[in-house]
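The lines below spell out each chain.
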Amino acid sequence: MKDIVNNIFTQHLSLGVVCVDTSCRITFFNKWLEKHTGWKEKEVLGRAFLELFPEICHRKKDNYLIDCLEKSRSAILSPLVHHHFLDLNLVKGTRRVQMIQETKLFPLWEKEQFLGAIIIIRDFTEQIEHEAGLMEKTRAFNALRNINRMMVRADTREAVFSRSVEILARDMGAPLVWFAHVDKGFDHVSVGAYGGMAKERFESFVSRYTNDPTALVSALELTRQAVKTGKMQVTHRRDHPPEMGRWWDFFKAGKCHCAVAVPLCVEGRVIAVLHIHIVEDRSIPREILALFQELSDDIALTLKHFHDVALRHKAEQKLQAEKERLLVTLKGIGDAVMVCDSHARVILMNPVAETLTGWREEEAVGQPAATVFSIVSEITRKPCPDPANQVIATGKVIGLANHTLLISRSGAEYPIADSAAPVRNSNGVLMGVVLIFRDVTRRRTAEKALKLSEKRFRDITMTMGDLVWEFDNDGIFTYMGSSVEKVLGYDRRELLGRSFWEFIPPEQISENQGVELKTAFLTYQREKRSFFNVETRARDKVGQWHLLSINGIPVLDDDENIMGYRGVAKDITEQKILEKEKYAAEYHFRQAQRMESIGTLAGGIAHDFNNILSAIIGYTELSLDDLREGSVTHENLMEVIKAGNRARELVKQILTFARKSDETRKPLQPSIIAKEVLKFIRSSIPTTIEIRQNIQSESLIMGSATHMHQVLMNLCTNAAQAMEATGGILEMTMSDVVLEKETALKGTELSREPCLEIMVCDTGTGISPDILESIFEPYFTTRGDGHGSGTGMGLALVHSIVKSYGGHVGVESTPGKGTAFTIHLPVIKKKTSLPPLPRNAEGLPGGSERILFVDDEAPLIKIGERHLTALGYQVTTSIISSRALEMFRAAPDDFDLVITDMTMPEMTGEAMALEMMKISPQLPVIICTGYSSRINREKAKKAGIRGFADKPIVRRKLAKIVRGVLDGHEIIDND
């Protein structure tokens, strides 16, 4: 039968289900009944049903139940449900309570055989309690409504208290309702208005303590708890709470079973406590308690209104004094304060605001806030919205974004932090805006320092060693991180209680301090100092030694007494091995970085320096046209032309050295350059230095005159500087030699071939052997940092040029005796007649075509226009590339050729040329550049540019390129 029942009823049914057999003994008992009766199914199976539920016998329903079973045993069975109501005592929680039950009996059949009956028990207690609670809530709502109506018409605090207790006692049917008034410290309690059926007994109770306030306080412990916690307090007589004390005397007399104390809070302070006494001995529903709290809040709000009215008069009296105090405060406050009216016009400023804005108060009053308080974005430099108008528009507090600059009347700029807040009257109407701002320059500095400190801390944390440790003053480990197993092979627990010194060799010496390690540690300990990067050896579990780098800080107690040390240790055994291997790679990497720095420097100065040279050479050429050839001035200006051309070659050499330019090599005779260098150096060195020369070679090499001049000039300058203090002999020799195979120089192909040997010797201080291998490195210098100190580029440049020519440079030096530099260069042939230099300004090709000349340098515009006009061309100039493009678009047929600089603002020469060639595809264009990483000869040629030339461009080269491009040739200038 149990299986049949289980198929019909689940164990999760929210009803009591019990099955009995024909003798009324229990055969099934579900979970609901287990929960509510406290009996388990296995404990009740086979027991009589009436034994477990004696209430059925007490209600004289047992005969009825047995009669039902007996009738069901006969052939005539009724399918109708038989039910009746019972009050059963069931378990709820930890105690037995009475529940109102509905019990139904169903006959149970199987294959026309009567097996017994199913009895279903349903609990109606909650439903009945809910109906009672609903009625109670209705009374509470009525009381709340009536009290709120009353408070609208009440004109005094006393009226609110007295009418509230009357309404609550009447509408709630409470035997007693009353107020207790308390002061701030609960030192004085007074009973206020009260009402209800038990009013007379309450008066009698209170009168006992009229002359004893302390006793009254003790009697009103429930009131004290409400004041102390600021929360509603509920107590029941059946719970016999000890804190009620003498209050039970009144409870017993009034036959009350429950009391509620609700605090009335005004501005966070309890000013009174509402007490409601209830006769029923039951729990008060949560909804009713919520209504009591809402009622208390409404009364408190009304009391606050009366309180505010009383205070308003005092506030008005203090207002003027507050205004005066405000003005004094504003004058002395450290932040800048500016007050505006509702139209965002200034009405008040303090001295700090005057200083930051640059406006005096009397000048600023009446001015728009945006005029006085001018702010821009520090990043975009765009004006920021006026915060005063923003506050007026939104009515909300406005804070400035980060990176805001205040532009003062004098133009000074201050980074500021700012906020703007609305100023409202007592009715909430916006009366104006107050702006508070401050100069945050110092804070910015502090924040940067803080960020740097935080970054430093993070970096240190991230680069700490792997082993975290802590030991006491005796070196006994009190903590060890789990990483010790990876570092030394020990389990961390094996080291706790053991001494640090067990793992350190006794002869270990601290490299940092030069003393025995334990002695050094005792010094640190005595001086409460931290130690960092102390390297020591430690033995691991298998006996192998590891090199550790240890950092530690002292652990101090509250009295600054040292308790021990904690820190980290990193295994640097492999690191030390790798350091030697990394040294060579890092050395070459640094060399590459130095060369990159040279390239960056060269590219940066080349463009502007070539523009300067263009102006120098151009105006000098124009001046030569007005002078008689052979005059002193004419010869002087020719020297200027020569120096300018040499400077131009020098820039090309710098770019070549930095691998930013292609060098052009031609046959040249070094002996001529050598004599020129010695002649020049003689005039620039002291007479205590004797110059000797032994130049016996007239061979030619493939190279650049500027390169050769730089090599010899650098070697002679270094030799002279080595003899500045003592004087001596500077000697240069130049001869043709043939190196035998066994004496061939490493890294060259100079064996068994004629080569040029150049030697520059001095009798100066010499070079130390320690630095002899480093003298050809970029930036290496032995001179100090004072005036005239070396750059470290001279010998590096010599080495670079000689090596690029397929030659070799060597050095021999003896400290105190002198130095000799030897250069070997491959020779191409003996001296032949060199082609004569072209004349400076005669026989230059010209024409009559129309040329548009564009450059952003005004001096170069004038030079180009005068040169081209002198050659017969019609020249139109423009200093702005975008305007030149507009001129061409307006009349493209008016120009036969365009000459443009490459690097210009707004639009580069390349971009302008490409736009022009879209309009006129056959237009010839010449691009001139001092230096640009964005274009070179190959890029220009691919883009369809007919001519490309490096600045400075002399008149002869300009005439040649212009005529060649106009005649249909591609002229890619390569000097």
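Everything numeric in this text was worked out from a predicted model, so none of it was measured. (Residues numbered from 1 in each chain as written. Predicted model: local features only at pLDDT ≥ 70, side-chain atom pairs only at ≥ 80, totals over all residues. Heavy atoms only, no water.)

Novice: Before we go on, may I ask you to explain the environment of asparagine 533 in this structure?
Specialist: Tracing the sequence through the fold places asparagine 533 in strand β20 (residues 531-539). Its relative accessible area of 47% is what places asparagine 533 among the partly exposed residues. Linking asparagine 533 and lysine 570, residues 37 residues apart in sequence, is a C-alpha distance of 9.3 Å. (Helix = DSSP H or I, 4+ residues; strand = E, 2+ residues; numbered from the N terminus. Buried < 20%, exposed > 50% of the residue type's maximum accessible area, 1.4 Å probe, protein only.)

Novice: What is the right way to look at helix α28 (residues 881-890) in this model?
Specialist: An α-helical turn contains 3.6 residues, so any two residues separated by three or four positions project in the same direction. Among the residues of α28, those classed as buried are Ser881, Ala884, Leu885 and Phe888. Taken down its axis, α28 places every buried residue within 100° of arc, on the same side. Set apart from the buried face of α28 by more than 90 degrees, the exposed residues are Arg883 and Ala890. Taken together, the buried residues of α28 touch β30 (850-854), β31 (874-878) and α29 (909-919). (Arc of directions from axis to C-beta. Contact = heavy atoms within 4.5 Å.)

Novice: Just checking my understanding: could you explain empty space enclosed by the protein for this structure?
Specialist: Think of a ball as big as a water molecule: rolled over the atoms, this probe shows where empty space is left. Following the criterion strictly, the structure yields six cavities of 30 Å³ or more and no others. Considered as a void within the structure, the largest cavity measures approximately 200 Å³ in volume. Together, 16 residues line the largest cavity, and Ser614, Phe853, Leu860, Gly864 and Ile953 are the ones closest to its centre. Breaking the lining of the largest cavity down by element, the ones donating at least two residues are α22 (573-625), β30, α27 (858-870) and β32 (897-901). Element by element, the count of residues in the lining of the largest cavity is highest for α27, at four residues. (1 Å grid on protein atoms, 1.4 Å probe; cavity = no way out; pocket = protein on both sides within 12 Å on 5 of 7 lines; lining within 4 Å. Points joined across faces, edges and corners; volume = space filled by probe spheres on them.)

Novice: Is there a simple way to explain unusual backbone geometry in this structure?
Specialist: Across the chain, the bulk of peptide bonds are trans and the bulk of non-glycine residues have phi less than zero. Lysine 951 connects to proline 952 through a cis peptide bond whose omega is -5°. Considering the arrangement of structural elements, one finds proline 952 in the loop between β34 (947-950) and α31 (955-966). Its identity as a non-glycine residue notwithstanding, arginine 381 has a phi of 65°, on the positive side. Owing to a relative accessible area of 44%, arginine 381 belongs among the partly exposed residues under this scheme. Of note, asparagine 533 is a non-glycine position whose phi angle comes to about 55°, a positive value.

Novice: What's the story with a nonpolar patch on the surface in this structure? I'm lost.
Specialist: Where nonpolar side chains cluster on the molecular surface, the patch consists of Phe609, Ile612, Ile616 and Val640 and spans about 310 Å² of accessible area. Sorting elements by how many residues they give to the nonpolar patch places α22 first, with three residues. If you trace the backbone, phenylalanine 609 turns up in helix α22. Classification of phenylalanine 609 by relative accessible area gives partly exposed; the value is 34%. (Patch = residues over 30% accessible without salt bridge, like charges linked within 9 Å, V, L, I, M, F, W, Y side chains within 5 Å. Areas by Shrake-Rupley, 256 points an atom, 1.4 Å probe, with all protein chains shown as cover. Salt bridge = Lys/Arg side-chain N within 4 Å of Asp/Glu carboxyl O.)

Novice: What exactly am I supposed to notice about the confidence of the model for the chain here?
Specialist: Should the pLDDT be low somewhere, the predicted coordinates at that spot are not to be read in detail. When pLDDT is averaged along the chain, the result is 78; 77% of the residues meet or exceed 70. The least confident element of the chain, judged by mean pLDDT, is strand β3 (residues 82-92) at 43; the most confident is β30 at 94. Scored below 50 in pLDDT, residues 509-514 makes 13 contacts in the model with residues more than four places away or belonging to other chains. Low pLDDT, under 50, characterises residues 785-789; the predicted model gives this stretch three contacts beyond four residues in sequence or across chains. (pLDDT = per-residue confidence, 0-100.)

Novice: Please explain the side chain of asparagine 350 as it appears in this structure.
Specialist: On the secondary structure map, asparagine 350 appears in the loop between β12 (346-349) and α14 (351-357). Reaching out from asparagine 350, the side chain makes a polar contact with the backbone oxygen of aspartate 335 at a distance of 2.8 Å. Dropping the residues within four chain positions of it, asparagine 350 is found in contact with Leu330, Lys331, Ile333, Asp335, Ala336 and Val337. (Polar contact = N/O pair within 3.5 Å; in protein donor to acceptor, adjacent residues only side chain to side chain.)

Novice: How do you make sense of the environment of glutamate 731 when you look at a structure like this?
Specialist: Tracing the chain through its elements places glutamate 731 in strand β26 (residues 728-738). A residue is classified by how much of its surface remains accessible, and glutamate 731, at 29% relative accessible area, is partly exposed. The sequence separation of glutamate 731 and aspartate 762 amounts to 31 residues, and the corresponding C-alpha distance is 6.5 Å. Discounting residues that sit within four places of it in the chain, glutamate 731 has contacts with Arg692, Met759, Val760 and Cys761.

Novice: Can you walk me through the sheet that holds β26 in this structure?
Specialist: Two orientations exist for strands paired in a sheet by backbone hydrogen bonds: parallel and antiparallel. The sheet built from five strands is open, its strands ordered β24-β26-β27-β29-β28 with mixed pairing. Of all the strands in the sheet, just β24 (689-695) and β28 (808-814) have a single pairing partner and so form its edges. This sheet shows a mean twist of 15° between the axes of neighbouring strands, independent of strand direction. Relative to strand β29 (residues 818-826), β28 runs antiparallel, the two being bridged by seven bridges. The residue bridging glycine 810 from the neighbouring strand is threonine 822, located in β29. Sheet strands in contact with helix α25 (residues 705-722) are β24, β26, β27 (754-762) and β29, and its direction is about 25° off that of β27. (Pairing = 2+ DSSP bridges. Axes fitted to C-alpha atoms, helices over the stretch in contact; angles between N-to-C directions.)

Novice: What should I look at first to understand the pairing of strand β33 (residues 925-929) in this one?
Specialist: On any regular strand, side chains alternate: one points to one face of the sheet, the next to the other face. Buried residues dominate β33, accounting for five of its five residues. Burial along β33 is two-sided: Val925, Ile927 and Thr929 facing one way and Ile926 and Cys928 facing the other are all buried. Taken together, the four bridges between β32 and β33 define a ladder with parallel strand orientation. Bridging across to β33, valine 898 finds its partner in valine 925. At this point the chain moves from β32, through α29, to the parallel β33, and the crossover so formed is right-handed. In terms of strand pairing, β33 meets β34 through four bridges, oriented parallel. Looking at β34, one finds that isoleucine 927 is bridged to phenylalanine 948. (Right-handed = clockwise from strand over helix to strand, strands pointing away.)

Novice: Hey, could you run me through the sheet that holds strand β18 (residues 467-472) in this one?
Specialist: One open sheet holds the five strands; their spatial order is β19-β18-β22-β21-β20, and the pairing between them is antiparallel. The strands lining the two open edges of the sheet, one partner per strand, are β19 (477-480) and β20. If you compare each strand with its neighbour and ignore which way they point, the axes differ by 30° on average. With seven bridges joining them, β20 and strand β21 (residues 545-556) adopt antiparallel strand pairing. Of the residues in β21, the one forming a bridge with alanine 538 is histidine 546. Most of the contacts of helix α21 (residues 517-527) go to β20, to which it runs at about 145°, and overall it touches β18, β20 and β22 (562-571).

Novice: Would you take a moment to explain the pattern of salt bridges for this structure?
Specialist: Opposite charge on two side chains permits them to pair, given that their charged atoms come into close proximity. Taken as a whole and assessed by the stated rule, the structure comprises 25 salt bridges. Aspartate 171 serves as the salt-bridge partner of arginine 170, at 2.8 Å between the closest nitrogen and oxygen. Judged by relative accessible area, which is 52%, arginine 170 ranks as exposed. With relative accessibility at 16%, the residue aspartate 171 sits in the buried group. Across the pair glutamate 362 and arginine 360 runs a salt bridge, and its minimum N-O distance is 3.7 Å. In this structure, a network of salt bridges that share partners links the residues Arg360, Glu362, Glu363 and Arg409.

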